[in-house]
Amino acid sequence: MALKTRAARASSKPIARVPTGVPGLDSLIEGGFKKGSIITVSGDPGSGKTTLAMQYLYNGITKYGEPGIFVSLEQPKQSLYEDMARYGWDLAELEKKGKLQILVLQQHEIEQFQNHELRVQSAIEELGAKRLVIDSVTSLIMSYPSKHRARRGMLRLMDRLRSWNVTSVLTSESTTDVQGDVHSSFKIDFLSDAVIYLYNMRRQNYRLHSIEVVKMRGTSVNGKMCPLKFGKGGIEVFPGQTVFK
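Quick caveat, the model's predicted, so the values are computed rather than measured.

Draft legend 1. Representation of the overall build of the chain within the structure. Secondary structure assignment for the chain yields eight helices and 12 strands. Across the 245 residues in the chain, those meeting the buried criterion constitute 50%. Of the contacts formed within the chain by residues at least 6 apart in sequence, a portion of 65% connects residues at least 24 apart. Per element, the accessible surface of the chain, about 12600 Å² overall, is 50% carbon and sulfur.

Draft legend 2. Molecular detail of the packing of aromatic side chains. The final tally for this structure, using the stated rule, is four aromatic pairs. For the ring pair Tyr87 and Trp89, a centre distance of 4.9 Å and an interplane angle of 40° mean the geometry is tilted. You'll find Tyr87 and Trp89 in the same group, each marked buried. Between Tyr197 and Tyr199, the aromatic rings sit 6.5 Å apart at their centres with planes inclined by 90°, giving edge-to-face as the arrangement. Take Tyr197 and Tyr199: they sit in the same class, and that class is buried. Ring-pair connections join several aromatic residues into one group, and the members of that group are Tyr58, Tyr87 and Trp89.

Draft legend 3. View of the nonpolar core. Core analysis: the largest hydrophobic core is formed by 38 residues, its most contacted members being Leu25, Met54, Leu91, Ile102 and Val237. Non-local contacts of Ile102, meaning those with residues more than four positions away in its chain, are made with Met54, Phe70, Lys77, Leu80, Tyr81, Leu91 and Glu95. The next biggest cluster of nonpolar side chains, apart from the first, holds 28 residues, and it includes Ile69, Ala129, Ile141 and Met158.

So, how was this worked out
- Residues numbered from 1 in each chain as written.
- Predicted model: local features only at pLDDT ≥ 70, side-chain atom pairs only at ≥ 80, totals over all residues.
- Heavy atoms only, no water.
- Helix = DSSP H or I, 4+ residues; strand = E, 2+ residues; numbered from the N terminus.
- Buried < 20%, exposed > 50% of the residue type's maximum accessible area, 1.4 Å probe, protein only.
- Contact = heavy atoms within 4.5 Å.
- Areas by Shrake-Rupley, 256 points an atom, 1.4 Å probe, with all protein chains shown as cover.
- Phe/Tyr/Trp six-rings, centres within 6.5 Å; stacked < 30°, edge-to-face > 60°.
- Core = buried A, V, L, I, M, F, W, Y, C linked by side-chain atoms within 4.5 Å.

Everything listed is a geometric property; what it means functionally is a separate question.
Dropping the structure here:
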């Protein structure tokens, strides 16, 4: 009887959440990402994957006192500085303060990513980082000689991320078919704890941006597509609005 009581208490214990700080998003995911989980953010080019991932880190530092690591497999550091400055985010200053570290890997280094895992781990330990972003794992997946090797490599990476005790966001390229369904690269969605799709849909002479939380373990997800906008402070999600009128 005592064992059953303890089990019941454990099962009713609230799940620790990591808030994104993105306006409108946390209300869709019961307050934030599950602590220690791996979240894949997939979308077409221009859908906002890098912005959302960096906003997650920036808010973690400035709002919640959680240092973060951004691993870039595609974009140079100076380019990230310039692109994110439009939202008022001074990434260089955060790096100087030891709150953020941006690690950029060149193409030849991506092919040997496993050899650089100690570099990422050291950065996490040095900063006491709680949040990690890898942008984008598509580049990493494409560096493998076969789909089989890629899947094995990604499974190994997932295990490594969990051992680092960080809440990780991985961005991934995807394509949208004529029905509007998203197809991510190499089925990485199945390996993640949570999946978020970003859409950049063309409607006549304009683009419509939206977000959909497809799955999130330990979280009730309604599957609703919500519009999002890029503003002065980054991305804002509108849970109460509909995408199509």
